[in-house]
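Chain and residue survey
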Amino acid sequence: MLNTDTIKELLTHFPLFKRLDDAALDQIVNISIYREWGRGSHIFMQDEPIENVYFIYSGRIKIYKADNRGREQIVAILREGEMFPHVGFFRKGGYPAYAQVVDHAQLVVIPINDFEDILRKNPELCIQVFHVLGEKIVDLQDRLEAQIVNNTYEQIIKLIIRLGETNGEVANDGTTVIKSDYTNQQLAKMIGTTRETVNRTLTKLRKEGLLKESEESRLCFVRAEMEGKLYGE
């Protein structure tokens, strides 16, 4: 069990709360709960009533949907500094997907109803939430467009570029290194294809020199080169 000062320090790591003054942040601390989940455990199940919003201090969380046959479609793999589910705000009903722990996770849990009460009283925080939601809407639009207009090869390139934006770091030589270790099966489920297709495409990208050799990650690339291949430059 963490004390309020420690929870307050944890909250300052999240972009959503960085611009809040002490009084507003204290309100968030008062309704926050610190919890840990082990690898493989579920934080919530699809269609369970929405009760909380979660902020990741450490670890990775897989957000996925499943059809009646149990087939997975990975919506996202989230890491430290991110929050979920974004649909929790201003919406009643059930969680739209499953949330499963990929790596041991430390989370700050905030009850939705209490958080919404604070949002109504704090315009600055409300605006920050809208910014976060707006970014997610743009991301979903881009992913939907990719599925409609791009073939699988192009979708995988777009996926790598997107993961570079969210989970990558740009090295001194200009290459983007994706730090998180995604399996080919996870990559496949993000765009609704097969692991074998991802295997073939990554091999092709390496032969073409678009995926670079790196001791840090197997997904290392120069963004301009990837985009050039994508748009035929």
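Thresholds, definitions, all that
- Counting starts from 1 at the beginning of each chain's written sequence and moves along it residue by residue.
- Only residues with pLDDT of 70 or above have their local features reported here, since the model is predicted, and side-chain atom pairs are shown and tallied only from 80 upward, although totals for entire chains, interfaces and linings are computed over all residues.
- No hydrogens and no water enter the side-chain calculation; it runs on all heavy atoms of the structure.
- Here, strands pair whenever DSSP counts at least two bridges between them.
- The secondary structure listing takes helices from DSSP runs of H or I that are at least 4 residues long and strands from runs of E that are at least 2 residues long, numbered from the N terminus.
- Should any heavy atoms of two residues lie within 4.5 Å, those residues are counted as being in contact.
- Note on definitions: angles span 0 to 180 degrees between N-to-C directions of axes, and those axes are lines fitted to C-alpha atoms, for helices only across the stretch in contact.
- Here a salt bridge means any side-chain nitrogen of Lys or Arg lying within 4 Å of a carboxyl oxygen belonging to Asp or Glu.
- Relative accessibility decides the category of a residue: with a 1.4 Å probe and only protein chains considered, values under 20% of the type maximum give buried, values over 50% give exposed, and everything between is partly exposed.
- For classification purposes, an angle smaller than 35 degrees is called roughly parallel, one larger than 145 roughly antiparallel, one from 65 to 115 roughly perpendicular, and anything else oblique.
- Lys, Arg, Asp and Glu make up the charged group, whereas Ala, Val, Leu, Ile, Met, Phe, Trp, Tyr, Cys and Pro make up the nonpolar group; the residues left over, Gly among them, are polar.
- In this analysis a 1.4 Å probe is tested at points of a 1 Å grid over the protein atoms alone, and where it fits but cannot get out there is a cavity; an open set with protein on both sides within 12 Å along at least five of seven lines is a pocket; lining residues have an atom within 4 Å of a point.
- Grid points are joined across faces, edges and corners, and a volume is the space filled by probe spheres set on the points.
- Summary of the metric used: pLDDT quantifies the predictor's per-residue confidence within the range 0 to 100.
- We call two N or O atoms a polar contact when they sit within 3.5 Å, provided that within protein one can donate a hydrogen and the other can accept it, with sequence-adjacent residues counted only if both atoms are side-chain atoms.
- Helix crossings are classified by the rotation of the near helix relative to the far one: an anticlockwise turn of less than a right angle makes the crossing left-handed, while a clockwise turn makes it right-handed.

The next subject is the sheet that holds strand S8 (residues 176-178). Taken together, 3 strands build an open sheet; the order of strands is S7-S8-S9 and the sheet is antiparallel. This sheet does not close on itself; its edge strands, each paired only once, are strand S7 (168-170) and strand S9 (220-221). With 2 bridges joining them, S8 and S9 adopt antiparallel strand pairing. Across the sheet, residue threonine 176 finds its bridge partner in S9, namely phenylalanine 221. Running at roughly 85° to S8, helix H5 (residues 152-167) makes contact with S7, S8 and S9 of the sheet.

Overall, the coordinates contain 12 salt bridges when judged by the stated rule. In this structure, lysine 62 engages glutamate 72 in a salt bridge whose closest nitrogen and oxygen atoms are separated by 3.2 Å. Of the two residues, lysine 62 sits in strand S3 (residues 52-66) while glutamate 72 sits in strand S4 (residues 72-78), which places them 10 residues apart along the sequence. Accessibility expressed as a relative area gives 12% for lysine 62, which makes it buried. The exposure class of glutamate 72 is partly exposed, given its relative accessible area of 26%. Each of Lys8, Asp22 and Asp26 takes part in a single network of salt bridges with overlapping partners.

In this section: the packing of H5 against helix H7 (residues 195-207). Look at H5 against H7: their axes get within 10 Å of each other, and the N-to-C directions meet at 75°. Here H5 is positioned roughly perpendicular relative to H7, judged by the angle of their axes. Residues Thr152, Tyr153, Ile156, Ile157 and Ile160 of H5 form the contact with H7, whose participating residues are Thr197, Val198, Thr201, Leu202, Lys204 and Leu205. In terms of residue class, the contact of H5 with H7 is built from 7 nonpolar, 3 polar and 1 charged.

Right, let's get into empty space enclosed by the protein. Within the structure shown, the criterion is met by 1 cavity of 30 Å³ or more. As for the largest cavity, its lining consists of Ile156, Leu159, Ile160, Leu187, Ile191 and Val198. Elements represented by at least two residues in the lining of the largest cavity include exactly H5 and helix H6 (184-191). Looking at the lining of the largest cavity element by element, the count peaks at 3 residues for H5. Classifying every residue of the lining of the largest cavity gives 6 nonpolar, no polar and no charged.

A residue-level look at the protein finds 94% of positions with pLDDT of 70 or above and a mean pLDDT of 85. The secondary-structure element of the protein with the lowest mean pLDDT is helix H4 (residues 123-149), recorded at 73, while strand S2 (residues 42-44) shows the highest, at 95.

For the rest of this paragraph, the subject is the side chain of lysine 62. One polar contact links lysine 62 to glutamate 72, side chain to side chain, over a distance of 3.2 Å. If near-sequence neighbours (up to four positions away) are discounted, lysine 62 is found in contact with Glu72, Ile74, Ala76, Ile77, Tyr98, Ala99, Gln100 and Val102.

Each pair of packed helices can be described by the angle between their axes along with the distance between the axes. One can describe the packing of H5 onto helix H8 (residues 223-230) by two numbers: an axis separation of 10 Å at closest approach and a directional angle of 155°. Relative to H8, H5 is oriented roughly antiparallel. Remark: the crossing between H5 and H8 carries left-handed chirality. Listed contacts from H8 to Tyr153, Glu154, Ile157, Lys158, Ile160, Ile161 and Glu165 of H5 are Arg223, Met226, Glu227, Lys229 and Leu230.

With 6 bridges joining them, S3 and S4 adopt antiparallel strand pairing. Following the sheet pairing, isoleucine 61 is matched in S4 by leucine 78. What sits between S3 and S4 in their antiparallel hairpin is a turn of 5 residues, with glycine 70 showing a positive phi close to 85°.

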